[in-house]
Structures are given as C-alpha cells and as structure tokens.
Amino acid sequence: MTSEQAAQLIDETLDLVHQRLQDLQAQCLPREQHALAEEFREWRHPEGGHIDLMVFPGLANP
C-alpha cells in the first residue's frame, strides 16, 4: 500500500466514523457516541496536524 492509498483509507474511515457519530447522536446514544469519538480522537485531531505512517517491511513488494 502506498502512502497515498493509506491516506485515502484514513480519510474514508474518518468519513464513516463521522457518519456513525451522527447516527449515534440521532439515536440518542451518547455513551456509544463518546466511546467512538474517543477511539478515533487521535486520527481526527492528530498531534502536529498529521498522522505518522510506518511502513511494514514484510509487506513491501519484492
């Protein structure tokens, strides 16, 4: 996976998380909404304004 693909995957995941947070709010499930928000807090508001991605050498193409 390239860094661009990883960034796209993160963006798409955050979009889904945002949609789910809205669904939980609409369903009046504040505990679940808070738990999900906390789970993705660092992704949504990364320290330094970006998420550091690390390459796993075992997955590199030969």
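Computed from a prediction, not measured in an experiment: that's the story for all the values here.

Undergrad: Got a minute to help me understand the overall build of the protein chain in this structure?
TA: For the protein chain, the count of helices and strands is three helices and zero strands. Going through the 62 residues of the protein chain one by one, you find that 15% of them count as buried. Accessible surface computed for the protein chain: about 5,600 Å², of which carbon and sulfur atoms make up 54%.

Undergrad: Can you walk me through the nonpolar core in this structure?
TA: Across soluble globular proteins, nonpolar side chains show a tendency to be buried alongside one another. Core analysis: the largest hydrophobic core is formed by six residues, namely Val 17, Leu 21, Leu 24, Leu 36, Ala 37 and Phe 40. When contributions to this core are tallied by element, the ones reaching two or more residues are α1 (3-26) and α2 (30-39). The element that contributes the greatest number of residues to this core is α1, accounting for three residues. If near-sequence neighbours (up to four positions away) are discounted, Phe 40 is found in contact with Thr 13 and Val 17.

What counts and what doesn't
Residues numbered from 1 in each chain as written. Predicted model: local features only at pLDDT ≥ 70, side-chain atom pairs only at ≥ 80, totals over all residues. Heavy atoms only, no water. Helix = DSSP H or I, 4+ residues; strand = E, 2+ residues; numbered from the N terminus. Buried < 20%, exposed > 50% of the residue type's maximum accessible area, 1.4 Å probe, protein only. Areas by Shrake-Rupley, 256 points an atom, 1.4 Å probe, with all protein chains shown as cover. Core = buried A, V, L, I, M, F, W, Y, C linked by side-chain atoms within 4.5 Å. Contact = heavy atoms within 4.5 Å.

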